Amino acid sequence: MKKITVMGLGYIGLPTAITLAGAGFEVCGFDVTERVIESLRGGKIHIVEPGLQEAFDKAVEGGHLHFSGELSPADVFYIAVPTPFYQDENGAHRADLRFVESAGRMAGKVITKDSLVILESTVPPRTTEMLARVLSEESGLPAESLHVAHCPERVIPGNMMYELKNNDRIIGARTPEAARMAKEIYDCVLEKGVCRVTDDVTAEMCKLTENTFRDVNIAYANELSVICDKMGINVFELIKLANCHPRVNILNPGVGVGGHCIAVDPWFIYEQFPEEAKVIHASRMRNENKPRFVAEKVLAGMKKVSDTVLVLGLSYKPDVDDLRESPSIELCHILQEKGVRVVACEPFAPAGEVSGIENLPFDEAMQRADFVVVTLGHALFQENAARIREKPHFDCVGMLAEN
Ligand SMILES: NC(=O)c1ccc[n+]([C@@H]2O[C@H](COP(=O)([O-])OP(=O)(O)OC[C@H]3O[C@@H](n4cnc5c(N)ncnc54)[C@H](O)[C@@H]3O)[C@@H](O)[C@H]2O)c1
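Residues numbered from 1 in each chain as written. Predicted model: local features only at pLDDT ≥ 70, side-chain atom pairs only at ≥ 80, totals over all residues. Heavy atoms only, no water.

J.: Could you give me a rundown of the side chain of N166, with the residues and numbers involved?
T.: Locating N166 in the fold gives a position in helix α6 (residues 160–166). For N166, a relative accessible area of 13% gives the class buried. Reaching out from N166, the side chain makes a polar contact with the backbone nitrogen of K192 at a distance of 3.1 Å. Look past the residues within four positions of N166 in its chain and what remains in contact with it is E191, K192 and G193. (Helix = DSSP H or I, 4+ residues; strand = E, 2+ residues; numbered from the N terminus. Buried < 20%, exposed > 50% of the residue type's maximum accessible area, 1.4 Å probe, protein only. Polar contact = N/O pair within 3.5 Å; in protein donor to acceptor, adjacent residues only side chain to side chain. Contact = heavy atoms within 4.5 Å.)

J.: Requested: an account of the site of the ligand, with residues and values cited.
T.: Surveying the vicinity of the ligand reveals 26 residues, the closest of which are I12, D31, T33, T83 and R324. T33 has a polar side-chain atom sitting 2.6 Å from an oxygen atom of the ligand. S102 is positioned such that a nitrogen or oxygen atom in its side chain is 3.2 Å from a nitrogen atom of the ligand. (Near = heavy atom within 4 Å.)

J.: Can you break down the pairing of strand β4 (residues 76–79) residue by residue, with the values?
T.: Alternating positions in β4 separate into two faces, V76 and Y78 on one and F77 and I79 on the other, with burial throughout. Alignment of strand β1 (residues 3–7) against β4, held across 4 bridges, turns out to be parallel. Across the sheet, the residue bridging to M7 is I79, located in β4. Sheet topology places β4 next to strand β7 (residues 116–119); 4 bridges connect them, and they run parallel. The residue of β7 that forms the bridge with Y78 is I118. (Pairing = 2+ DSSP bridges.)

J.: Now, about the nonpolar core: what can you tell me, with residues and values included?
T.: In terms of nonpolar packing, the biggest core is built from 42 residues, with L20, L65, Y78 and Y186 touching the most fellow members. Broken down by element, the residue count for this core peaks at 7 residues, all from helix α7 (residues 176–189). Excluding residues that lie within four positions of it along the chain, Y186 makes contacts with Y78, I118, E120, C151, R169, I171 and C195. One finds F293, V309, C332 and F371 within the second-largest nonpolar core, a separate group that totals 25 residues. (Core = buried A, V, L, I, M, F, W, Y, C linked by side-chain atoms within 4.5 Å.)

J.: Let's hear about the environment of A351: which residues, and what values?
T.: By secondary structure assignment, the location of A351 is in the loop between β12 (341–345) and β13 (352–354). Judged by its relative accessible area of 62%, A351 falls in the exposed class.

J.: Give me the pattern of salt bridges: which residues, what numbers.
T.: For the structure on display, the rule yields 27 salt bridges. When the shortest N-O distance is used, the salt bridge between E138 and K109 registers 2.9 Å. Taken together, the positions of E138 in helix α5 (residues 127–139) and K109 in the loop between α4 (98–108) and β7 put the pair 29 residues apart, joining distant regions of the chain. On the basis of relative accessible area, E138 is assigned to the partly exposed category, the value being 27%. (Salt bridge = Lys/Arg side-chain N within 4 Å of Asp/Glu carboxyl O.)

J.: Could you give me a rundown of the packing of α4 against α5, with the residues and numbers involved?
T.: Orientation of α4 relative to α5, taken along the N-to-C sense of each, is 35°, at an axis distance of 8 Å. Crossing of α4 over α5 shows right-handed handedness. In this structure, α4 contributes V100, E101, G104, R105, A107 and G108 to the contact, and α5 contributes T127, M130, L131, V134, L135, E137, E138 and S139. Looking at the contact of α4 with α5 residue by residue, the class counts come to 6 nonpolar, 4 polar and 4 charged. (Axes fitted to C-alpha atoms, helices over the stretch in contact; angles between N-to-C directions. Left-handed = near helix turned anticlockwise from the far one by under 90°. Nonpolar A, V, L, I, M, F, W, Y, C, P; charged D, E, K, R; others polar.)

J.: So what about the pairing of β1? Which residues, and what values?
T.: Along β1, 4 of the 5 residues are buried, which leaves the element largely enclosed by surrounding structure. Bridge count between β1 and strand β2 (residues 26–30): 5 bridges; the pairing is parallel. Bridge pairing in β2 links K3 to E26. Taken together, β1, helix α1 (residues 13–22) and β2 constitute a β-α-β crossover, and its handedness is right-handed. (Right-handed = clockwise from strand over helix to strand, strands pointing away.)

J.: Break down the packing of helix α10 (residues 265–272) against helix α11 (residues 278–301) for me, citing the residues and quoting the values.
T.: Where α10 contacts α11, the two axes come as close as 10 Å, and the packing angle between them is 140°. Looking at the two axes, α10 sits oblique to α11. The two elements α10 and α11 meet at a crossing, and its hand is left-handed. Facing P266, W267, I269 and Y270 of α10, the residues of α11 in contact are I280, H281, R284, M285 and E288. Partitioning the contact of α10 with α11 into residue classes produces 6 nonpolar, 1 polar and 2 charged. (Parallel < 35°, antiparallel > 145°, perpendicular 65-115°, else oblique.)

Following this line, the structure appears as structure tokens:
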């Protein structure tokens, strides 16, 4: 099993391809977006991740990593394509599995009976079974005989290159042979992490459970922030004090929950179990409604309707460039709908317009601002906390606290 093709070269697929090449495999990165392949062939990565460009340069120089817009036969196929959700005509959240299915159909045309297919995307229960069916339809091989595994990726943006080698891996295999083959590969990559083998459905649910755990816990913190606001006490101080208890670990409230994972994955459980997933649903709604609460606080804090509001941070967490499902962008749109003049400073996005919001360099943004909302603790904002404090502000994340 020497030749590996990684399908989908985004936040997950690209670092995975680089790590596999670094472990000595012959890796081909495949993506349907031409711009991605062009950029990588030109030697430039298209996402922001510490240490990734250096690791990329090394892997390419080593001759083990190349890129193609055409899918060729390989021993192993990794699938790391997007799994967003959409809202149907009744407003219900549904998993959008078109990318997984289309990647499966493409791979099905080039696999053999000995190939291993690893699905790394985060997916609703029984998607790996669907993938095996699609691979079978395209290849003509019986689905039960195919070597298919779901190994959900669990790394955190900002620390991917470390976590890819040091997090434990869940191997949810559909056959014992698929488990053996997948473990052999991950064992070549892992340093501190270990492989934990299970079935595909448990692995699917494991990843969703992890992200939903985070969503529910953040919802608790966000709920506390709303209660504390009504009570006139400082939620950040409250949480700090409560966390002195040896068995309490409350997370930080914020402007909401964003990103392609935590804001999405709980819906995959709720979609299949709406009657049972009551806490999960209530938490999701609490987090989704938080930007609206923040908007009310901003409107109440503004001195006059013509004030310019500066939103500090548009990505979904500090020091990353990922804007997907961003609650800060949602906040800007709510304020704009109320007729407020909004500008933003998001140093990880290009200056100009971002989702209909004017994105300015920090100094210019501060000059224009009458009122500042801190939605993220980007390092740049932390360094300038004293300056931000001088303006009327609302701090969603406790970054401006002086103790
Ligand atoms: N971003 C994260 O932090 C993170 C963490 C853990 C798990 N995940 C999961 O990993 C998966 C991928 O997420 P991402 O953030 O890397 O997405 P991404 O949007 O950054 O990248 C996905 C890439 O797949 C490509 N693609 C789409 N269809 C394709 C096909 N048929 N064949 C080949 N390429 C195709 C797209 O062009 C894109 O470049 C998702 O299921 C996500 O939930 C993401």
